[in-house]
Amino acid sequence: MKKKNKICTAIVSIILAILFISPFYLVLVNSFKTQKGIFSDVIGLPGESFTLNNYVEAFKHLDFIKSFTNSLLITVFSVVIIIIFTSMAAWMLVRTKSKVSIFIFLMFSASMLIPFQAVMLPLVAMAGKIHLLNPVGLVFMYLGFGTSLSVILYHGFIKSIPKEIEEAAAIDGCNKFQTFWIIVFPLLKPTTVTVSILNSMWIWNDFLLPQLVINRPEWQTIPLKMFYFFGEYSKRWNLALAGLVIAMIPIVVFYLAMQKYIIKGIVQGSVK
Amino acid sequence: MKRRKLLALTLAMTSMLTFTMTGCGKSSEVSSNDKSEKNGKTEVNIFQFKVEVAKELENAANEYMKEKPDVKINIETVGGGEDYGAALKAKFKSGKEPTIFNVGGPQDVEDWKGKLEDLTNEPWVGKVLPGMLDGVTMDGKVYGLPFSVEGYGLIYNKRIFQAAGIDGSKIDSYAKLEEAVKTIDSKIKSGALKKDFPKLEAVFEFPAKEKWVTGLHTSNAALGQEFKSSIDSYKSKTVDFKYSEGYKKLIDLQANYSPNGKSKEKLNAVDYSTQVDQGIAIERVAIVQQGNWIYGGVKAIDEKVANNLDILPMSIQGGKEDCIPVGIPMHWAINKNQSDKSKAAAKDFLNWLYTSDKGKDFVVNKFFFIPALKGYENYKPQDSLGKAIQRYIEAGKTTPWVFMGYPTAWGENVLGANIQKYLSGKMTWDELVKDSKAQWESKRK
Amino acid sequence: MNKDSRKWFIIFVAPALFAFIVVVLIPVIMGIIYSFTSWNGIEDKANWIGLSNYIEIIKDDKTFFSSFLFTAKFAIVSVITINVMGFVLALLVTRGLKISNGLRGIFFLPNLIGGLILGFIWQFIFTKGFDFIGAALGIDFLRGWLADPTTGFWGLVILMSWQMSGYMMVIYISGLQNIPDDIIEAAKIDGASDGQILRRIIIPLVSPAFTIGIFLTLSNSFKLYDQNLSLTAGGPYNSTEMIAMNIYNSAFKYNEFGIAQAKAVIFLIIIAAITLTQMYYSKKREVEM
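Being a predicted model, the structure only gives us computed values, none of them experimental.

Details of the overall build of chain C
Secondary structure summary: chain C contains twelve helices and zero strands in total. Overall, chain C shows an N-to-C arrangement of helices and strands of α-α-α-α-α-α-α-α-α-α-α-α. Dimensions along the principal axes, computed over C-alpha positions, put chain C at roughly 75 × 70 × 30 Å. Across the 289 residues that make up chain C, the buried fraction comes to 52%. Restricting to contacts in chain C with at least 6 residues of sequence separation, those with at least 24 account for 71%.

Notes on the interface of chain B and chain C
In this assembly, 21 residues from chain B lie in contact with 19 residues from chain C. For the side of chain B that touches chain C, the secondary-structure elements that each account for two or more residues are helix 3 (84–93) and helix 16 (410–423) of chain B. Partitioned by chemical class, the residues of the side of chain B that touches chain C number six nonpolar, eight polar and seven charged.

Brief notes about the interface of chain A and chain C
Put simply, an interface is often sized by how much accessible area is lost when its parts join up. In this complex, chain A contributes 74 residues to the contact, which on the side of chain C involves 75 residues. If you list the elements that add at least two residues to the side of chain A that touches chain C, you get helix 1 (3–31), helix 4 (64–95), helix 5 (99–111), helix 6 (116–129), helix 7 (135–158), helix 10 (189–205) and helix 13 (237–270) of chain A. Considering every element that reaches the side of chain A that touches chain C, the biggest residue donor is helix 1 of chain A, with twelve residues.

A look at the pairing of strand 12 (residues 324–327) of chain B
Across a regular strand the side chains alternate sides, sitting on one face of the sheet and then on the other. Residues and elements named next belong to chain B. Burial of the side chains of strand 12 extends over both faces: Ile 324 and Val 326 are buried on one face and Pro 325 and Gly 327 on the other. When strand 8 (residues 150–157) meets strand 12, the two strands line up antiparallel, connected through two bridges. Following the sheet pairing, Glu 150 is matched in strand 12 by Gly 327. Note: strand 12 against strand 14 (residues 398–400), three bridges, orientation parallel. When the bridges of strand 14 are listed, Ile 324 appears paired with Thr 398.

With respect to the UniProt feature "transmembrane region" (unreviewed entry) in chain C
The sites that UniProt annotates as "transmembrane region" (unreviewed entry) are residues 9–34, 74–94, 106–125, 153–176, 197–218 and 259–281 of chain C. Counted over residues 9–34 of chain C, helix gives 100% and strand 0%. Its end C-alpha atoms are 34 Å apart.

With respect to the pairing of strand 8 of chain B
All names here are of chain B. Of all eight residues in strand 8, eight are buried, a share of seventy percent or more. As paired strands, strand 8 and strand 10 (residues 285–291) are joined by five bridges and run antiparallel to one another. When the bridges of strand 10 are listed, Gly 153 appears paired with Gln 290.

Observations regarding the confidence of the model for chain C
All names here are of chain C. Scored by pLDDT, chain C comes out at a mean of 84, with 97% of its residues at no less than 70. Confidence, expressed as mean pLDDT per element, reaches its minimum in chain C at helix 5 (residues 115–137) with 78 and its maximum at helix 3 (residues 62–93) with 92. Scoring of the predicted complex yields 0.84 for pTM and 0.84 for ipTM.

Section: the packing of helix 3 of chain C against helix 4 (residues 100–108) of chain C
All names here are of chain C. Packing of helix 3 against helix 4 leaves a shortest axis separation of 9 Å and a crossing angle of 160°. Considering the angle they form, helix 3 stands roughly antiparallel to helix 4. Taken together, the residues of helix 4 that come into contact with helix 3 (itself represented by Leu 89, Leu 92 and Val 93) are Ser 100, Leu 103, Arg 104 and Phe 107. Of the residues in the contact of helix 3 with helix 4, the class split is five nonpolar, one polar and one charged.

As for the environment of Lys 55 of chain B
Topologically, Lys 55 of chain B is positioned in helix 2 (residues 54–67). For Lys 55 of chain B and Gly 327 of chain B, which are 272 residues apart along the polypeptide, the C-alpha to C-alpha distance reads 24 Å.

A closer look at the confidence of the model for chain A
Parts of the model with low pLDDT should not have their predicted coordinates read in detail. Residue and element names in this part refer to chain A. Here chain A averages 84 in pLDDT, while 94% of its residues score no lower than 70. Element-level pLDDT for chain A is lowest in helix 13, with a mean of 72, against a maximum mean of 92 in helix 4. Here residues 265–272 scores under 50 on pLDDT; set against residues more than four positions off or in separate chains, the count is seven contacts.

Here we look at the nonpolar core
Ala 89 of chain A together with Ile 155 of chain B are the most contacted members of the largest nonpolar core, which totals 296 residues. Here the element with the most residues in this core is helix 7 of chain A; it accounts for 15 residues. Mapping this core onto the domain boundaries places at least three of its residues in each of domain 1 (37–149 + 328–375) and domain 2 (151–327 + 397–443) of chain B. Ignoring any residue separated from it by four or fewer positions in sequence, one finds Ile 155 of chain B in contact with Ile 280, Ile 287, Val 288, Gln 290, Ile 294, Leu 309, Ile 311 and Leu 385 of chain B.

Points about unusual backbone geometry
All names here are of chain B. Of note, the phi angle at Asp 139 is positive, near 55°, even though the residue is not glycine. Within the secondary structure layout, Asp 139 lies in the loop between strand 5 (137–138) and strand 6 (141–142). Even without glycine at this site, Phe 241 takes up a positive phi of about 60°. Assignment of secondary structure puts Phe 241 in the loop between helix 8 (230–235) and helix 9 (244–256).

Notes on helix 7 (residues 211–223) of chain B
Of all 13 residues in helix 7 of chain B, twelve are buried, a share of seventy percent or more. Turning to helix 7 of chain B, its buried residues are Lys 211, Val 213, Thr 214, Gly 215, Leu 216, His 217, Thr 218, Ser 219, Asn 220, Ala 221, Ala 222 and Leu 223 of chain B.

As for the environment of Gly 79 of chain B
Residues and elements named next belong to chain B. Topologically, Gly 79 is positioned in the loop between strand 3 (71–77) and helix 3. Note on Gly 79: 23 C-beta atoms within 10 Å, which makes it buried. For the pair Gly 79 and Ile 231, spaced 152 residues apart in the sequence, the C-alpha separation amounts to 29 Å.

Conventions we followed
- Residues numbered from 1 in each chain as written.
- Chains lettered and ligands numbered in written order.
- Predicted model: local features only at pLDDT ≥ 70, side-chain atom pairs only at ≥ 80, totals over all residues.
- Helix = DSSP H or I, 4+ residues; strand = E, 2+ residues; numbered from the N terminus.
- Buried ≥ 20, exposed ≤ 12 C-beta atoms within 10 Å, placed from the backbone.
- Contact = placed C-beta atoms within 7 Å.
- Nonpolar A, V, L, I, M, F, W, Y, C, P; charged D, E, K, R; others polar.
- Pairing = 2+ DSSP bridges.
- UniProt positions renumbered as here; feature names shortened; annotations may be inferred.
- pLDDT = per-residue confidence, 0-100.
- Axes fitted to C-alpha atoms, helices over the stretch in contact; angles between N-to-C directions.
- Parallel < 35°, antiparallel > 145°, perpendicular 65-115°, else oblique.
- Core = buried A, V, L, I, M, F, W, Y, C linked by C-beta atoms within 7 Å.
- Domains from an automatic or database assignment.

See below:
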């Protein structure tokens, strides 16, 4: 790329980056202030209201080690299960040109439009009856809710895989299972990365569903614990913001790690 | 490559299976409606909304369980402060009905009547202060135990008043209130108060974004003199707005002497936090219309300011000018459909909480509640606002909370919304009264 | 399909489909049934009242349709801003700059904050931040945001765009990386300018991503609730109340569960018609490799 273009791109990117990050400045700066400091002066640096206590308190109140483990287990299991089953389903739906297949795909698409509040009560009523109100049930629900988005994503990109490769594998004696897992799935890496990032995002931060399904102290995830900072009238922003920063670190680390994977994927993909 | 994938898959499946075992194990422990015993203990499940007292409530439960080892109390608190109603409905729908839950006023009692245990013969009923059970009494039966008494009025900063040469305790009429406001306002504008209160910019802060403040609380000051109780407003098919002028004056006073006095539509973006945390707590304003519940929040910001607060009456010109509205925000209710053992244990716990010495200590000194019962002579509120409320109650200078009897969502979505229109000049006061009346009537047809 | 293919079809599709049916489809159907009743969300029994709810909504409920229009306006504007932004960001971070990794992280961060906290931060930015700047620079337009419907609307748009652009960026990155380098190399050798490459090659080949991006933004915008609640609470005077909030209030504030479900059904039908039409046309334009 020409040098001038590179510099232009860099400048534009940096300006945008500053705009994007400015709200985080507010989060970070205020997480180090006392409650009084936050409300006296929301914009400025901590100065005399500087305190590290918020982080200590937030860590304690969030029961961080336990809630982190809960969030981690739920998110990881859900995402793995979603990846396995939705990639399989999407592949079969793309390769099978039938009315059933189109119908199922459209049904998945249409369900993305349903606001959660509309299904909340019937879902909970049914879940209670079939013993789904526990962490395993929650993972199952995430598969159900995550199916639509993930299938749509996989569906779009499976089309870019030439059928000839699959046909060659079949001729070599692979059954559908082997064809998918050995040949197709590795080629879907960028999409799998996308699917895992997007799903882990909303599952990690999800509040409403866990509140309905696993709101017991030993099962609570980080968002559930965070909401204890918000009472009827008193919102403990100093703790909430520190808690937010703590909660964000794992997911940021995960995201950055996955980003490196995408770059590896480019290299492998271009050697296709 | 193939083997590694298979291995990974197998590992995943095995751990899922283990997860399932533990998950299933736990879920069969959790009782359905009928099973109330676990390890031989009677289970009482509390589902409550007030995050601020969650920790201390758990401590109270632990104390109780020391005395009654055959009872196990589990407390679930709905965080976020909002939408307790939605969470409660979901809880019931899921089949894991709580033993003890919360109801507000007549509308809640009506909605949940199929699930409410009759508490008329409970030992504490006779001890409740007069009028305080009105919100949960239907057809002569009592269905709830009052959480606490709350009151609201024009909370003011005594130090600022002193500096302006005003004695807040002498204000007992609208005329005196208006005069005091004008005095402080002129001193702010002249810069006389700037040295001691550098952040002070206006007399009031008015959170028109919070429709419960304007549509429920401010309105109650006026409508609470028209209706006798929340049952009265609940049954009424019409609303007169008898004291509409006085109501208007209170709103105009707060709006005109707020930082946005000259562009009142901007008040529609002012929220509770701006009014309290960034308002009175940091001495940016001198008076806010709020209640004794703000004490904890203000104390967390500036304890000195919190301890120097007192309350002026919600003067309704032409009506009662020296009273504050006082009432019960929430009640404890017991689920009728639980086992007899659970219900008995629940009733006993609530009774213990509000009538035993240990319980009273929790209620007043740890929850910071003002109890609605007699027998708390040795347990007086310790915080500045609680003391103020107590003072008004003892002097008999209170009006009742009737807003819980308003038609569903009328207070916030009709009246509160109309006040926002009024402040932005999109509606005149007469139109506001006319429309609000009409909507009340249509909801009560 | 022959018997063998059918067996494979079931094996592959069944798990996801089963979860979907249990967790999404059945509650939706139950919801539809409730829409024909006068259920209040609490009682164990619900009375069948046929189409009454639907008729009442269409005849009497002005708020439902005004919420719908507001939401539609919001969705259309947001789809444009978010997808353009997302695509631009994706382009910027795939140019091979050294700072690309860091940039990717930064642009994606907004997606990590949700709900109440997001609303608080932006509420603060719009009411106090803008006010501060406006007072300092004498720009009156910046003062008093969120107090009227227009600034409420744009406040929501800005918030959503900020939060979702990074999300869309991830999808577009994926799409951009599926374009083999040799095609672009070939075009450059043929003398094509960057602009031509962008228009003639990149955009058409990324169109599956566009289909998804537009669909996702449309559906997320229509479903928006948390940010609506925490930024404007639907105000002032219910003017920025979006459809999810309207439905939610019917169910939980007004205790009219049957009506809420009926609203949800009407909403779903209209939206499904719009977005499925959009998907159909987009898919027709997609280029298969």
